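What the coordinates show
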Amino acid sequence: MTLPLAFTPAEADLLGRTADALCAYLGKPVIAEIVTEPDEGYEWALFALPLGPKDEDGDAPHVQAGGPGARFLGNCGGLDLSDGQAVDCEFLWAVQLSDLEGVRYIKVDAQGEEVAWTDTLTDLLPFGLQETEAPPDDEDDGSEDDE
């Protein structure tokens, strides 16, 4: 069954690169995972920090990432998550797909509040990861030919 609201391969790639950039920025592993809501007909991508045994419970919102059949994005901060075990994490934020007119993406903050709506994924991401266009192929390479 194909979901009507599913991330495209290009969107998934961009979300994965965002998770990798967050790993580098925070200096900690960041897990990004696409979660399917089959009864609702849409997917969402969560971003989370894995919790270690010494991490305090605190007030940070928690989520389970992974498990059998998990669809991780990016390199998962170098973590080996291939065993299919769920990982306790601190929930950072999520991007949910939407069928509202002019709104494909909804950003959900750590408290579960919808905080941003847009039709352009890069508008919701913390880093500018747009693909840069290659310069045009000019036959003139700028050098002058001596005659």
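One can find the structure itself at the top, above this paragraph.
As the structure is a computational prediction, the values presented were derived from the model and not from experiment.

Regarding its fold elements, the chain presents one helix and seven strands. For the chain, the N- to C-terminal ordering of α and β elements is α-β-β-β-β-β-β-β. Residues classed as buried in the chain amount to 36% of the 147 residues present. Restricting the contact set of the chain to residue pairs at least 6 apart, pairs at least 24 apart contribute 57%. By element, 46% of the accessible surface of the chain is carried by carbon and sulfur atoms, the whole surface being about 9,500 Å².

Structurally, the position occupied by alanine 12 is in helix H1 (residues 9-26). Spatially, the C-alpha atoms of alanine 12 and glycine 74 are 8.7 Å apart, while their sequence positions differ by 62 residues. The contacts of alanine 12, once residues within four sequence positions are left out, are Ile34 and Leu73.

Glancing now at the packing of aromatic side chains. Taken as a whole and judged by the stated rule, the model has one aromatic pair. Relative to tryptophan 93, the ring of phenylalanine 47 lies with its centre 4.1 Å away and its plane at 10°, an arrangement referred to as stacked. With a gap of 46 residues between them, phenylalanine 47 in strand S2 (residues 42-50) and tryptophan 93 in strand S5 (residues 86-100) connect regions that are remote in the sequence. With a relative accessible area of 0%, phenylalanine 47 lands in the buried category. Here the basic side chain of lysine 107 rests over the ring of tryptophan 93, its NZ or CZ set 4.6 Å away from the ring centre.

Moving on, we get to the pairing of S5. Of the strand pairs in this sheet, S2 and S5 are connected by seven bridges, and their pairing is antiparallel. Of the residues in S5, the one forming a bridge with leucine 49 is glutamate 90. Two strands pair when backbone bridges link them, and strand S3 (residues 62-66) and S5 are joined in this way by five bridges, in the antiparallel orientation. Within the sheet, the bridge partner assigned to glycine 66 lies in S5 and is alanine 86. Where S5 meets strand S6 (residues 103-108), five bridges bridge the pair, whose relative direction is antiparallel. In the sheet register, glutamine 96 faces S6, and the bridge partner there is isoleucine 106. Counting the residues between successive antiparallel strands, the hairpin from S5 to S6 contains two residues, one of them, glycine 102, with a positive phi of roughly 75°.

Its identity as a non-glycine residue notwithstanding, cysteine 76 has a phi of 55°, on the positive side. For cysteine 76, the location among the structural elements is in the loop between strand S4 (71-73) and S5.

On to the pattern of salt bridges. Under the criterion given, the structure shown has three salt bridges. Aspartate 13 is paired through a salt bridge with arginine 17; the nearest N and O atoms lie 3.2 Å apart. Linking aspartate 13 with arginine 17, this pair stays in helix H1, spanning four residues, or about one helical turn. For aspartate 13, a relative accessible area of 41% translates into the label partly exposed. Residue glutamate 43 pairs with arginine 71 through a salt bridge whose shortest N-O separation is 2.6 Å. With glutamate 43 in strand S2 and arginine 71 in strand S4, this pair connects stretches of sequence that are 28 residues apart.

Cut-offs and rules
- Residues numbered from 1 in each chain as written.
- Predicted model: local features only at pLDDT ≥ 70, side-chain atom pairs only at ≥ 80, totals over all residues.
- Heavy atoms only, no water.
- Helix = DSSP H or I, 4+ residues; strand = E, 2+ residues; numbered from the N terminus.
- Buried < 20%, exposed > 50% of the residue type's maximum accessible area, 1.4 Å probe, protein only.
- Contact = heavy atoms within 4.5 Å.
- Areas by Shrake-Rupley, 256 points an atom, 1.4 Å probe, with all protein chains shown as cover.
- Phe/Tyr/Trp six-rings, centres within 6.5 Å; stacked < 30°, edge-to-face > 60°.
- Lys NZ or Arg CZ within 6 Å of the ring centre and 35° of its normal.
- Pairing = 2+ DSSP bridges.
- Salt bridge = Lys/Arg side-chain N within 4 Å of Asp/Glu carboxyl O.

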